[in-house]
Amino acid sequence: MGAANQKSRQAMPEQDPHVRARNFEEVPLGYTPEMAIAEASRCLQCKNPLCVQGCPVGVAIPAFIKHIADGKFDLAIGKIWERNSLPAVCGRVCPQEAQCEGNCILGRKGAAVAIGNLERFAADWERANHACELPSREKATGKKVAVVGSGPSGLTVAGDLILKGHEVTIFEAFHKPGGVLVYGIPEFRLPKEIVASEVSCLQAQGAKIECDVVVGRTETVDELFEQGFDAVYLGVGAGLPRFMNIPGENMVGVLSANEYLTRANLMKAYLFPQVDTPIPHGRNVVVLGAGNVAMDSARTAMRLGAEKVSIVYRRSRDEMPARSAEIHHAEEEGLHFELLSNPVRYLGDEKGRLIGIECVRMELGEPDSSGRRRPVVVPGSEFVIECDLAIVAIGSGANPLLTRSTPDLPLGKSGYIIANPETGKTGKKAVWAGGDIVTGAATVILAMGAGRKAADSIHEYLTWGW
Amino acid sequence: MFRIIKREEMAGGTVVLNEIEAPRIAVKARPGQFVILKANEDGERIPLTMAETDPAKGTITVIYMVVGKSTELFSRLQVGDSYQDVIGPLGQPTHIEGGKNVVCVGGGTGVAVLHPIARGMKEAGCRVTSIIGARNKDLLILEDKMRLASHDLHICTDDGSHGRKGFVTEVLRELLEKGGVDQVVAIGPVPMMKFVSLLTKEFGVPTMVSLNPIMIDGTGMCGGCRVTVGGETKFGCVDGPEFDGHKVDFDELILRLQAYTEQEKLSYHVCKCKGEL
């Protein structure tokens, strides 16, 4: 563990930006074992590891990194599995720079240990080698838990409770499990095969998954109890697309990011006509918003053959909510950023098809309630961006489908479910909730953190009755 | 898997009926609600309003016209074959109020959706007059069932090969002129629903239409099924499928339904070339 090593963080090999901007294959290629060992050897093995405090599910980070440094990859993945059932996913999509890596001591003077890359390495190594046994289950308790939604929080709850000996059935409204991991995050950032593999691990441990069941319609929460479930966890995500409510929004050529990404990812429309679901191909594409979903949409449009893809955002680059790595990737791939700009109306031709967006320039004023500087319209600054496809990625609200069919479930102002942040308990007996339907749109790992706390609380309830 | 236990061809094979095993959905479904069907792994998710449900048998029935690759694939499924996915029941059930004088207007395969609503209204004590139409006699479906579900049945064909020659709107106008109509329900091709709604608006008779916008998930998540109703954006899947015909922006709906026309032609063409169909 020389000082020189500590300074040089192993760079992640990536596909060349010019090549990858036109294919759907994964952007980062992954560490080789040599690179992983070299990177793991940079870890200082802190006595009081701050990285762990930054991890919403509390992975024993120094311990698994030590195993990698020693070349014991099977022990490394075993260590991660103790706290995280989706390491191949988290190693790819967690905002590590703001969590574990953001706390790393090495980051104060140089580059933090590449914890995310190492987690990904361990998980990918295991998938390729199948060297580890699944974690063992405790004796069956005879208790049944229904998990509604198979996204990151639902999968975490299911993974934890199945190990504790409970019977778990996951209900998914779509025809494939994974939630946002399969419909929202593109193949080039998270290959679907990886989600399928992590889900099948869960099934191998005994979790049942029933797709095509829309809880709130096919079954209500109360009916799940009538069918013999002892507890219900609601991890249904936010999932109601927001629109800007400006003129022309229902024109052909204006899509929500949810629709665009679901077509591209879940329905694999990028393979059309080999598959049956079509997707619009824009020549000039505008994406409204600057979060991760906006970056995913814009990079997808690029890969579908757009000549120009512009991100339109009303604040400046500093306020963009997307992960810095994603913004960086997007820039490398040639995306255009139209910052300090706000759309005011869509323009269409005589057939009602989109031909452009009228925007105004903005400047930043005093900070608003979000702490970010409030964008203010510059008078007389109207301009038009020509485009034939616009993707609205300005966030999402709470989908009321389930909550409306569960009248005794207390909700907050915007329709999100009220749940205790420490336990996930809702105001309805034996019902827990977590993830985006409680917090509003957030990250995969925060949803998993909520799932972990809820699983602990559900286990206590099933064991002791509280 | 969702097994087909009955398959029937209507209208000279251009319209197909499938009775499908879907016990959970059969128990829950109410008239006016729809399901989303997907034939196989690479298939599209296609919404169809249910024509019938049998909770005791655990089956639902859909009736669809073969118009493109996906419905062609559906039509290739035989008794004993299965749809890979059937999701539902989705959407709001029809609001049925008894004791009214109702005119039910159906066109093409819309009659399949109209039938359980007409029957439900008759059972609820409404006086039901129905007008069903098609381009010609061979394309007219469910005549016998509609006769049972209605107190009075009028039939129109564009070419006069059965019933009266002309459009459903002509018969409707006569009924409206006679007066005493409390409500109109119109389900069929979008232009038909548009013209029925324009007509009933003249007479100030409330009119309900059932829309079929393009959608993916059917649970309010994709927003693809946006329709403008009374100047407001509504989602066909969760706010609908039924809306006040006097408030729907039909022209916008027609444009939105054509969003993928070119790609659908390509898909149909490619699969025929590859000999898949």
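Residues numbered from 1 in each chain as written. Chains lettered and ligands numbered in written order. Predicted model: local features only at pLDDT ≥ 70, side-chain atom pairs only at ≥ 80, totals over all residues. Heavy atoms only, no water.

Asks: Even after reading the chapter, I still don't get the environment of I185 of chain A, so can you show me in this structure?
Replies: All names here are of chain A. Tracing the chain through its elements places I185 in the loop between α12 (180-183) and α13 (192-204). Residues I185 and E39, 146 residues apart in the sequence, show an inter-C-alpha distance of 27 Å. Leaving out residues up to four positions away in the same chain, I185 has contacts with V93, V180, L190, K192, N265, D296 and V444. (Helix = DSSP H or I, 4+ residues; strand = E, 2+ residues; numbered from the N terminus. Contact = heavy atoms within 4.5 Å.)

Asks: I would appreciate a short explanation of the pairing of strand β12 (residues 373-377) of chain A in the present structure.
Replies: Side-chain positions along a regular strand alternate between the two faces of the sheet. Residues and elements named next belong to chain A. Note: strand β11 (residues 354-367) against β12, four bridges, orientation antiparallel. Bridged to P367 within β12 is R373. Linkage of β11 to β12, two consecutive antiparallel strands, is achieved through a turn of five residues, within which G371 is found at a positive phi near 90 degrees. (Pairing = 2+ DSSP bridges.)

Asks: Just checking my understanding: could you explain unusual backbone geometry for this structure?
Replies: Across the chain, the bulk of peptide bonds are trans and the bulk of non-glycine residues have phi less than zero. In the segment running from F272 of chain A into P273 of chain A, the intervening peptide bond is cis, with an omega of 5 degrees. Residue placement: P273 of chain A occurs in the loop between α15 (257-266) and β7 (284-288). Here the bond from G88 of chain B into P89 of chain B is cis, since omega is 0 degrees, no more than 30 degrees from zero. One non-glycine residue, Q45 of chain A, lies in the positive phi region at around 55 degrees. With relative accessibility at 29%, the residue Q45 of chain A sits in the partly exposed group. Unlike most non-glycine residues, A11 of chain B shows phi in positive territory, near 45 degrees. Note on placement: A11 of chain B falls in the loop between β1 (2-10) and β2 (15-21). (Buried < 20%, exposed > 50% of the residue type's maximum accessible area, 1.4 Å probe, protein only.)

Asks: What is the right way to look at the environment of E82 of chain A in this model?
Replies: With respect to the element layout, E82 of chain A can be found in the loop between α6 (73-81) and α7 (87-93). By relative accessible area, E82 of chain A is classed as exposed at 53%.

Asks: Looking at this structure, I do not really get the confidence of the model for chain B. What am I missing?
Replies: In regions of low pLDDT, the predicted coordinates are not meant to be interpreted in detail. The predicted model of chain B averages 93 in pLDDT, with 97% of residues at 70 or higher. Quick note on the complex model: pTM equals 0.93, ipTM equals 0.93. (pLDDT = per-residue confidence, 0-100.)

Asks: Please explain the packing of aromatic side chains as it appears in this structure.
Replies: To describe a pair of aromatic rings, you give the distance between the ring centres and the angle between the ring planes. Residues and elements named next belong to chain A. On inspection of all chains with the given rule, the structure shows 10 aromatic pairs over all chains. Taking the centre distance of 5.5 Å and the plane angle of 70 degrees together, the rings of F73 and W125 count as edge-to-face. Highlighted residues: F73 in helix α6 and W125 in helix α10 (residues 115-129), separated in sequence by 52 residues. The pair formed by F73 and W125 is uniform in burial state, with each residue classed as buried. (Phe/Tyr/Trp six-rings, centres within 6.5 Å; stacked < 30°, edge-to-face > 60°.)

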